[in-house]
Structures are given as C-alpha cells and as structure tokens.
Amino acid sequence: MEMNHLQDLLLHDLKDLYNAENQILKALPRMAKKASAPELKQAFEAHTEETRRQIEKLEEVFELFGEKAKGKTCHAMKGIIEEGKEVMQEDAEADVMDAALIGAAQKVEHYEIAGYGTARTYAEMLGNKQAARLLQQILDEEGKTDKKLTQLAENLINVEAMQ
Ligand code: FE
Ligand code: FE
Ligand code: FE
C-alpha cells in the first residue's frame, strides 16, 4: 500500500485495529468460559458485546474517510491471544487461572489503548472531528475495561489462597 499521506497511515492503522477487534471478538467468549469468578465472567461477556459495537464504530470511521471497512492481520494481537491460549491450557487453581486471564486481557486492552490513542490523534490532525470522536469513545471504553480488570484483580483474587 502507498503511504504518502497521514490519512494512508491512519487507514493502515484502522485495518490493523479492525482485524485485532475481530480476533478479540472470538477470544473473549473463550475467556469468559474459562473464568471462575462470576464478576470476571460477566466482565468478559460485557466486553464481548462492547467489542461488537466497537467493530461497528470502526466501520463508521472507515466510512467517514470514504473507505469500506477492511482488516489486515494484526500479528501483535495474534501473539497476545496465542499467549493467552497457552496460559489457559495450564492446569491451574481457579483463582490463579482468573489472575492469568486478567493479565492476558489487560495485554489486549493495552495494545488497543495504544492503537486507538494514535488513530484518534491522526483523525484529529486530519480535521475529521466525527472520526476522532468515535475513536475517543472506543479508547475510553478500552480504558474503562482495563481499570475494571485491575479492580477485579484486586477484589476477586484471594491473595492468601494463592500463596
Ligand atoms: Fe476493543
Ligand atoms: Fe497490530
Ligand atoms: Fe477491549
């Protein structure tokens, strides 16, 4: 792909995020299934639905730049999810597995936070306020999810039992 303008770079990044979100949409239900704490299960299920809406928001952003939504394999998300899968195969106590799931999920969220922060800034620089607003909305959701996971780790995991 030719990248002569900032908009080309933004579209490149949007394709990466679009593919990453679609990978996440498949991974989250597996993580919900594997979680033991009901609050964690519920958080994964809620973020699955949120992810579905984020994919639609991304489609809107593509449209705002006159493009059809299209993904390009996000190798980083592939790796992050692969590592999550590996740890999910371990024979772990329920609380320890929950902690591992939270850690894996936070790596996903942090990748998204980096990606959406950059994309939002590019959209702003290009003067596309509507696109910037949508990307900021998603960024806020990823940030909230990350904080929620930190909270769950602090509240749910019985640290003494894990020692
Ligand atoms: Fe997302
Ligand atoms: Fe990527
Ligand atoms: Fe997310």
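You'll find the structure just up there.
To keep things clear, this report deals only with the structure shown in the data block. (Residues numbered from 1 in each chain as written. Chains lettered and ligands numbered in written order. Predicted model: local features only at pLDDT ≥ 70, side-chain atom pairs only at ≥ 80, totals over all residues. Heavy atoms only, no water.)

Here's the deal with the nonpolar core
- Counting 24 residues, the largest nonpolar core has Met 31, Leu 40, Phe 44, Met 77, Leu 101 and Leu 149 as the members making the most contacts within it.
- Among residues more than four places away in sequence, those in contact with Leu 149 are Leu 40, Phe 44, Ile 102, Ala 105, Gln 106 and Glu 109.
- In this structure, Tyr 18, Leu 25, Val 61 and Tyr 122 belong to the second largest nonpolar core, which totals 21 residues. (Core = buried A, V, L, I, M, F, W, Y, C linked by side-chain atoms within 4.5 Å. Buried < 20%, exposed > 50% of the residue type's maximum accessible area, 1.4 Å probe, protein only. Contact = heavy atoms within 4.5 Å.)

Observations regarding the coordination of the iron ion (ligand 2)
- Donor atoms from the polypeptide that bind the iron ion (ligand 2) are Asp 16 (OD), Asp 16 (OD), Cys 74 (SG) and Tyr 111 (OH), placed at 1.8 to 2.4 Å.
- Given four donor atoms and angles of 58 to 137 degrees at the metal, the environment of the iron ion (ligand 2) is assigned as irregular.
- Donor residues for the iron ion (ligand 2), ordered by position in the chain, follow D-x57-C-x36-Y. Here Asp 16, found in helix 1 (residues 6–34), pairs with Tyr 111, found in helix 4 (residues 94–125); they are 95 residues apart in sequence, far enough to count as distant.
- With a relative accessible area of 18%, Asp 16 lands in the buried category. (Donors = N, O, S within 2.8 Å, 3.2 Å for Na, K, Ca; no water. Tetrahedral: all angles 85-135°; square planar, octahedral: opposite > 155°, others 65-115°. Helix = DSSP H or I, 4+ residues; strand = E, 2+ residues; numbered from the N terminus.)

Thoughts on the coordination of the iron ion (ligand 3)
- Coordination of the iron ion (ligand 3) by the protein involves His 47 (NE2), Glu 109 (OE), Glu 109 (OE), Glu 112 (OE) and Glu 142 (OE), with metal-donor separations of 2.1 to 2.6 Å.
- In this model, the iron ion (ligand 3) sits 3.2 Å from the iron ion (ligand 1), the two metals being bridged by Glu 112. Of the two residues, His 47 is situated in helix 2 (residues 38–64) and Glu 142 in helix 5 (residues 129–156); the sequence distance between them amounts to 95 residues.
- On the basis of relative accessibility, which here comes to 3%, the residue His 47 falls in the buried class.
- We classify Glu 142 as buried; its relative accessible area is 0%.

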